[in-house]
Amino acid sequence: MFADFLKACIVGGLICVIGQLLMDLVKLTPAHTMCVLVVSGAVLGALGLYQPLADWAGFGAKLPISSFGNSLFQGALEGAGSDGFWGLWQGLLKTTSAGIGAAIVFAFTISLFFKAKN
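Residues numbered from 1 in each chain as written. Predicted model: local features only at pLDDT ≥ 70, side-chain atom pairs only at ≥ 80, totals over all residues. Heavy atoms only, no water.

J.: I would appreciate a short explanation of the pattern of salt bridges in the present structure.
T.: Tallied over the full model, the rule gives one salt bridge. With a shortest N-O distance of 3.8 Å, Asp4 and Lys7 are connected by a salt bridge. With a gap of three residues between them, Asp4 and Lys7 both fall in helix 1 (residues 2-24), about one helical turn apart. For Asp4, a relative accessible area of 46% translates into the label partly exposed. (Salt bridge = Lys/Arg side-chain N within 4 Å of Asp/Glu carboxyl O. Helix = DSSP H or I, 4+ residues; strand = E, 2+ residues; numbered from the N terminus. Buried < 20%, exposed > 50% of the residue type's maximum accessible area, 1.4 Å probe, protein only.)

Pasting the structure below:
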């Protein structure tokens, strides 16, 4: 069990280090860094590399934002395979709607209690 925790921490930490290096060395904004990580997760998923990494590292590869890119790709692939072009869009929303919905609800709830910076 300790080995599983160690693998998860190492892989999750490396993904975070990559994001931090993109912001510090390449001077990308946090939004650009997030986009790079999402797209890289989708590309790794398309190449068939992300799922074996997630199987090996567990939650260390399933928690970071790159996993969201992989989920988008997998959903689009399944939807396109079953329903063609329109299934692509349905597949994207089907696999990620719970996370997107939760983000909207939590952001709205937090906005009720905190004031935005000007």
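J.: Would you mind going over helix 2 (residues 30-46) with me for this structure?
T.: Given 3.6 residues per turn, any residue in an α-helix points the same way as the ones three and four places further on. End to end, helix 2 covers 24 Å across 17 residues, agreeing with the expected 24 Å (1.5 Å per residue, within 8%). Considered for burial, the residues of helix 2 that qualify are Thr33, Leu37, Val38, Gly41 and Gly45. The buried residues of helix 2 occupy an angular sector of 135° when the element is viewed end-on, so they sit on one face. On its buried face, helix 2 is in contact with helix 1, helix 3 (50-57) and helix 5 (65-113). One or two positions beyond helix 2, positive phi appears at Gly48, with a value near 80°. (Expected span 1.5 Å × (residues − 1). Arc of directions from axis to C-beta. Contact = heavy atoms within 4.5 Å.)

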